[in-house]
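Spelled out from the first residue to the last, the chains are:
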Amino acid sequence: MNNFFKKIFKHKKKITSKEKSFLRISEKTKVNKIFKAISEHDDLSEVRYVGGCVRKILNNEEFDDIDLATNINPELVKKYLKKNNINFFETGLIHGTITANIDKKNFEITSLRKDLSTDGRHAVVKFTDNWIEDSNRRDFTFNAIYSDKEGNLFDP
């Protein structure tokens, strides 16, 4: 019965230009494979856009690189990329960064982390699942804005 009423009263949400821009990333690349792979871990595992691609989309600029952040540790990222036949290499495993390569396009995936000690350039890190802890260590406030694949922003 609920499905019947949902069909009758179906309300179509108008998509904003910002949301269209984030959806265009999925149309131009195969980033959805990464979102799917990481979401297989459990109901709480997430991956979000972060950094330059978010900044460029919000500034109505064309994105050229795609950085992602995830709340699962690098070993699990590797496990689920491998399970989904996604090629990758360990860019900076000590800092949680793995670069996935799909159709000759690189996607940097970095596990959320907290700096235990840093000299401003180099850090000793601990992986976390806390988006706010990760955002606190980022270099610019703007680089601490995350977005899901639909364009919903998370700005701690």
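Participant: For the pairing of strand S5 (residues 105-111), give the residues involved together with the corresponding values.
Facilitator: Both strand S2 (residues 66-70) and S5 contribute to a ladder of five bridges, which runs parallel. Among the inter-strand pairings, Leu68 is bridged to a residue of S5, identified as Ile109. Here six bridges tie strand S4 (residues 97-102) to S5, and the two strands are oriented antiparallel to one another. Along S5, the bridge assignment pairs Ala100 with Phe107. Between S4 and S5, which pair antiparallel in sequence order, lie two residues; one of them, Asp103, sits at a positive phi of approximately 50°.

Participant: Which residues make up the nonpolar core, and what are the values?
Facilitator: Core analysis: the largest hydrophobic core is formed by 26 residues, its most contacted members being Ile34, Tyr49 and Leu68. Looking at which element gives the most residues to this core, the answer is helix H3 (residues 32-39), with four residues. Membership of the second largest hydrophobic core comes to five residues, among which are Ala69, Leu112, Trp131 and Tyr146.

Participant: Residue-level account of the sheet that holds strand S8 (residues 146-147), with values.
Facilitator: Here seven strands make up an open sheet; going across it, the order is S3-S4-S5-S2-S1-S8-S9 and the pairing mixed. Looking along the sheet, the strands with just one partner apiece sit at the ends: strand S3 (87-92) and strand S9 (153-154). As judged from the two bridges shared by strand S1 (residues 47-50) and S8, these two strands associate in the antiparallel manner. Along S8, the bridge assignment pairs Tyr49 with Ser147. Here helix H2 (residues 17-28) sits on the sheet in contact with S1, S2, S8 and S9, set at roughly 110° to S1. Where helix H5 (residues 74-83) meets the sheet, it contacts S2, S3, S4 and S5, and its direction lies at approximately 15° from that of S4.

Participant: Describe the pattern of salt bridges, listing the residues and the values that go with them.
Facilitator: For the coordinates displayed, the defined rule picks out twelve salt bridges. Two residues, Asp64 and Lys56, come together in a salt bridge whose shortest N-O distance is 2.8 Å. The salt bridge partner of Arg137 is Asp134, with a shortest N-O separation of 3.2 Å. Look at the salt bridges and you will find they share partners, linking Arg24, Lys28 and Glu62 into a network.

Participant: Lay out H5 in plain terms, naming residues and giving numbers.
Facilitator: Taken as a whole, H5 has its buried residues at Pro74, Val77, Lys78, Tyr80 and Leu81. Each element contacted by the buried residues of H5 is listed here: H3, S2, S3, S4, S5 and strand S7 (123-127). With a side-chain oxygen lying 2.9 Å from the backbone nitrogen of Glu75, the N-terminal cap of H5 falls on Asn73. Downstream of H5 by a residue or two, Asn85 has a phi angle that is positive, lying close to 55°.

Parameters and conventions
For every chain, the first residue of its written sequence is number 1, and the numbers climb from 1 along that sequence. Side-chain atom pairs in this predicted model are given and counted only at pLDDT of 80 or more, local residue features only at pLDDT of at least 70, and totals for whole chains, interfaces and linings cover all residues. Note: side-chain values were computed over all heavy atoms of the structure, leaving out hydrogens and water. The criterion for strand pairing is that DSSP finds at least two bridges linking the strands in question. Only runs of H or I of at least four residues qualify as helices and only runs of E of at least two qualify as strands under DSSP, and these elements are numbered from the N terminus. We call a set of buried Ala, Val, Leu, Ile, Met, Phe, Trp, Tyr and Cys residues a nonpolar core when their side-chain atoms join them within 4.5 Å. Burial status follows relative accessibility: with a 1.4 Å probe on protein chains alone, a residue under 20% of its type maximum counts as buried, one over 50% as exposed, and anything between as partly exposed. Here, residues are in contact when the closest pair of their heavy atoms is within 4.5 Å. The axes used here are C-alpha line fits, helices contributing only the stretch in contact, and every angle between their N-to-C directions lies in the interval 0 to 180 degrees. Salt bridge criterion: a side-chain nitrogen from Lys or Arg within 4 Å of a carboxyl oxygen from Asp or Glu. Two N or O atoms form a polar contact when they lie within 3.5 Å of each other; inside protein one atom must be a possible hydrogen donor and the other a possible acceptor, and for residues adjacent in sequence the pair counts only when both atoms belong to side chains.

So yeah, pure geometry; function would need other evidence.
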